[in-house]
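# Breakdown of the fold
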Amino acid sequence: MHSNRDKEEMDGGGEIEGADENEFAPGSSRGGRKYSPVVAHDNDRAVLEMSSIDPRSSRQDLKKVKVSMQPDVASEEIEGSMPNHSVNGPQKESKLELFGFDSLVNILGLKSMTGDQIQAPPSPRDGGDVSITLERSRPTAVKSGTLMGVFVPCLQNIMGIIYYIRFSWIVGMAGIGESLLLVAFCGSCTFLTTISLSAIATNGAMKGGGPYYLIGRALGPEVGVSIGLCFFLGNAVAGAMYVLGAVETFLNAVPAAGIFKETVTKVNGTAIAEPITRPSLHDLQIYGIVVTILLCFIVFGGVKMINRVAPAFLVPVVFSLICIFSGILLARHDRPAVAFTGLSSESFKENWGPAYQRTNNAGIPDPNGKIYWNFNALVGLFFPAVTGIMAGSNRSASLKDTQRSIPVGTLAATLTTSGLYLVSVLFFGSVATRDKLLTDRLLTATIAWPFPAIVYIGIILSTLGAALQSLTGAPRLLAAIANDDILPVLNYFKVVDGSEPHVATFFTAFICIGCVVIGNLDLISPTITMFYLLCYAGVNLSCFLLDLLDAPSWRPRWKFHHWSFSLVGALLCIVIMFLISWAFTVVSLALASLIYYYVSIKGKAGDWGDGFKSAYFQLALRSLRSLGASQVHPKNWYPIPLIFCRPWGKLPENVPCHPKLADFANCMKKKGRGMSIFISIIDGDYHERAEDAKTACRQLSTYIDYKQCEGVAEIVVAPNMSEGFRGIVQTMGLGNLKPNIIVMRYPEIWRRENLTEIPATFVGIINDCIVANKAVVIVKGLDEWPNEYQRQYGTIDLYWIVRDGGLMLLLSQLLLTKESFEGCKIQVFCIAEEDSDAEGLKADVKKFLYDLRMQAEVIVISMKSWEGQGEQQESIEAFSAAQRRIASYLGEMKERAQRDKTPLMADGKPVVVNEQQVEKFLYTTLKLNSTILKYSRMAAVVFVSLPPPPANHPAFFYMEYMDLLVENVPRLLIVRGYRRDVVTLFT
């Protein structure tokens, strides 16, 4: 029997599978290993007829070790003629043979943990088989260090066009005081995010994908993919923004380079009236497409090419900053231009307070302008100047040491740029008048010394550097999402480890060029900022959750973190999003929610051990402790059925459970709330059948998922069914979350197939349930049980004979909540000892049902009328047949006792047979069966109380009583409650 399993792509052509787990035992002959090639089984079918879903497991099965060879390595069989050699080479005599495995440096030990030889599964869905790759050495991919891999990309992304053309204007509008507050407010958000990023990045090995990898492993695949795709989209569109900014600056600096005629915007209502030129849209499009293509060629060159080109973009930027600060220090009154004051305390005082006012579209003060600026609006304008802290983590797959480079490089870039902004606020506010700050868009170029033109070069190269980092990080982010195999639609962007994501780069370039063609991204750019903030919030929430839960696996090397910092960082991100624009915030959150919904529906299931699972675990533990060990109040009672899947007979191969058992289990829950435990017992020795039990458990779990039933699967290996069930009924569950109802199928086939061992097992299970104080529900006619689409009409008849705590009444009410039974009505039949008791009993039952808020018709049958009614013909025939079989069985028992000179024995123990009592029991079941057939032949479901097995009676006799009771009743539930109430009359 082959278990269905997604086959992972291997580098090589051949696969070799170990045949026996004992190959790794200390006593096995390693030289005698013999590997046989595995042929792909294309005909493997699903383990269930009703499901095509494969059982998935994230557990690596050491029993199956696949060895993959490269195509250029000839596959050959490793024969036993090499006694002193194995896959790894010569085997030395182990001094740790007592421990049963080789030392930790073997191929299944630390090397597999660090990924030196064994590749980790590409998908969280299936742990797959451990793969041992035998290949020729190949050149390793180029890896970057902290400086070129993290610090420089982050610095290039953070230092952008806003500093050059907008920062001095912000200082003029907000004043020095509020500008410092603005920088501190936005910088604290990125600083706290960097702290959270450092903590998560140092909590273990990190693969490609940067923030997506961190968020996905902390908050789950759905959240990770939704935020990751939004962040990818933000990076791709941001690349277009940077390209357009560089092209526009170039055309402003060199107007003659324009192909089309420029558009001139006149400026009115300002103290310093100057015309502002704006390049033609067609020039922006043409130059933008060309620049994007050139940057893509650099990206296609790989990390090595990017690391060579990055300094060429960064050095002129640094030089331009030196020129700007040199010009500020050398500035004097009206030099280098009118309205400059040099570094002056008077200017500092005048520019300390804010001067919020209306401006035109170009940002020039205008009393009739359409835009009014305040602190909230400036947050939206300035915040893109501090984004870019993820540029280094986006390239995590290309870093030598992610756990050192990401914290050090990102934090260094964040502190460097924040310090630069704070110093620039003080200098810009002290060097010129407020009018000059508000009207000179390129004040940085005006004041730069000795080469003002270097600022234009700095603007162009800083934006191109940021565009290069966006076009570098975005494809790697998309490839990392695709490699996790969550969304099949992204399979086109998968790449092999160490390879460049060319297809993803093409797609990113396509998006970037499309946005460049639009030319005006004023409406899109706020959404980009939202995507960045959404990603930052995700990183902070991830660290907050992991830090708060403090699971044993949470051991980050970065010690300077606390859950309160992460919480404040996440709240700052949300606040800034709404400060910038509540409309764009809603749009970005809606897009992320749509992606989340799509991933949850179309995505493949994954389990990365995320923080939510840890939170659920701790919440479950707390809830379990809060429930305590005392009995649950009837108002809080929920049915927790233990579904006994092992049939009385055999099901088709690879079908772990009767298909209708899950349908019945769902009928015992109100609106699907509650838990079911599906158990099955495998006969045999645990050590020999452990693997069979795991396979069966996966198949049963697949069945439960397919039937959409909230439950868990458990497989127990025991010497026999009785012993296995006795252990289950004693130990299954925790505290008050133990199963309280045992559900099983009635053994209708035991006589037809002459299964003589069933009566003793069946009676033993019922007695075990009674001793363990578990309720019992036995389903007769399970094959005809309706599914959710089969509507039932008629009545649900309850033959309420003994007190059962209200369980039978409650189960009937739960049936009415299901669509298949909602058209039925309940009838309650009660048995009265005397005619005089009938009316009183009926009134009492009606009052009881009314107080329980249950609607039902009450019918009382007295014993006297019972005696007078005629039996159904089929019941008489079944009664006669049962008498003959019991007489025959009793005769055999007496003969055997006389022959062996022992007391009467049955089922391996002495029994006492009172023939008159046996006859009485048979007669009682005959009368009850006749009554059921008389009143409930057309009922949708019949409930009847389960009689306990009489003491010292053979199990064969009890089965005869039960067979007579259920004879010719097509759909019957036999119910026995336990020593407590499950319904209450009180609010």
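As named in an unreviewed UniProt entry, the protein is Cation-chloride cotransporter 1 isoform X1, taken from Nicotiana tabacum. According to the UniProt record, the Subcellular location (unreviewed entry) comment for the protein is "Membrane". Quoted verbatim from the Sequence similarities (unreviewed entry) field of the UniProt record, the comment on the protein reads "Belongs to the SLC12A transporter family."

Let us look at a nonpolar patch on the surface. There is a patch of nonpolar side chains on the surface, built from Ile259, Phe260, Ile286, Val290, Ile293, Leu294 and Phe297 and spanning about 660 Å² of accessible area. With respect to the secondary-structure elements, Ile259 resides in the loop between α6 (221–253) and β7 (263–265). What makes Ile259 exposed here is its relative accessible area of 53%.

As a further point, take the packing of aromatic side chains. Scanning the model with the defined rule gives 31 aromatic pairs in all. Judged by centre distance (5.7 Å) and plane angle (85°), the rings of Tyr163 and Tyr164 are edge-to-face. Judged by relative accessible area, which is 1%, Tyr163 ranks as buried. Measuring from centroid to centroid gives 5.0 Å for Phe664 and Trp785, while their planes differ by 85°, and the two rings are edge-to-face. With Phe664 in helix α20 (residues 661–667) and Trp785 in the loop between β15 (775–780) and β16 (795–800), the pair connects residues that are 121 residues apart, well separated along the chain. Comparing Phe664 with Trp785 shows no difference in burial state: the two are buried. Following the ring pairs from residue to residue traces out a cluster consisting of Tyr163, Tyr164, Phe167, Phe382, Tyr421 and Phe428. In this arrangement the basic side chain of Arg166 is found over the ring face of Trp169, its NZ or CZ atom lying 4.9 Å from the centre.

For the rest of this paragraph, the subject is the side chain of Thr925. By secondary structure assignment, the location of Thr925 is in helix α28 (residues 915–935). Once residues within four sequence positions are removed from consideration, Thr925 is found in contact with Tyr961, Leu964 and Leu965.

Glancing now at the sheet that holds β16. Taking strand neighbours across the sheet as the criterion, the 10 strands line up as β13-β12-β11-β14-β15-β22-β21-β16-β17-β18 in an open arrangement whose pairing is mixed. Unpaired on one side and paired on the other, β13 (711–718) and β18 (857–862) mark the two borders of the sheet. Direction aside, the axes of adjacent strands within the sheet are offset by 20° on average. In this sheet, strand β17 (residues 825–832) lies alongside β16 in parallel orientation, the contact comprising 6 bridges. Of the residues in β17, the one forming a bridge with Thr795 is Lys825. Contacting β11 (641–644), β12 (676–683), β13 and β14 (741–745), helix α22 (residues 721–731) crosses the sheet at an angle of about 145° to β12. Sitting on the sheet, α28 touches β16, β17, β18 and β21 (941–945), and the angle it makes with β16 is about 160°.

The next subject is the packing of α6 against helix α7 (residues 281–300). Contact geometry of α6 with α7 gives a least axis separation of 9 Å together with a crossing angle of 125°. Comparing the axis directions of α6 and α7 gives the class oblique. Every pair of crossing elements has a handedness; the one defined by α6 and α7 is right-handed. On α7, the residues touching Val243, Leu244, Val247, Glu248, Phe250 and Leu251 of α6 are Asp283, Leu284, Tyr287, Gly288, Val291, Thr292 and Leu295. Class assignment for the residues of the contact of α6 with α7 results in 9 nonpolar, 2 polar and 2 charged.

Glancing now at the nonpolar core. Ranked by size, the top nonpolar core spans 152 residues in total, and within it Tyr163, Phe167, Leu295, Leu378, Phe382, Tyr421 and Leu533 carry the most contacts. Once you skip the residues sitting within four places of it in the chain, Leu295 turns out to touch Val243, Phe313, Leu464, Ala467, Leu468 and Leu471. Counting 64 residues, the second largest nonpolar core, distinct from the first, contains Val729, Ile742, Ile765 and Leu926.

On to the pairing of β11. Side chains Pro641 and Ile643 of β11 all project onto a buried face; the interleaved residues Leu642 and Phe644 project onto the opposite face, where all are buried too. Pairing between β11 and β14: 3 bridges, direction parallel. In the sheet register, Leu642 faces β14, and the bridge partner there is Ile742. Here β11 pairs with β12 via 3 bridges, running parallel. Paired with Leu642 across the two strands is Ile677, which belongs to β12.

What counts as what
Residues numbered from 1 in each chain as written. Predicted model: local features only at pLDDT ≥ 70, side-chain atom pairs only at ≥ 80, totals over all residues. Heavy atoms only, no water. UniProt positions renumbered as here; feature names shortened; annotations may be inferred. Patch = residues over 30% accessible without salt bridge, like charges linked within 9 Å, V, L, I, M, F, W, Y side chains within 5 Å. Areas by Shrake-Rupley, 256 points an atom, 1.4 Å probe, with all protein chains shown as cover. Salt bridge = Lys/Arg side-chain N within 4 Å of Asp/Glu carboxyl O. Helix = DSSP H or I, 4+ residues; strand = E, 2+ residues; numbered from the N terminus. Buried < 20%, exposed > 50% of the residue type's maximum accessible area, 1.4 Å probe, protein only. Phe/Tyr/Trp six-rings, centres within 6.5 Å; stacked < 30°, edge-to-face > 60°. Lys NZ or Arg CZ within 6 Å of the ring centre and 35° of its normal. Contact = heavy atoms within 4.5 Å. Pairing = 2+ DSSP bridges. Axes fitted to C-alpha atoms, helices over the stretch in contact; angles between N-to-C directions. Parallel < 35°, antiparallel > 145°, perpendicular 65-115°, else oblique. Left-handed = near helix turned anticlockwise from the far one by under 90°. Nonpolar A, V, L, I, M, F, W, Y, C, P; charged D, E, K, R; others polar. Core = buried A, V, L, I, M, F, W, Y, C linked by side-chain atoms within 4.5 Å.

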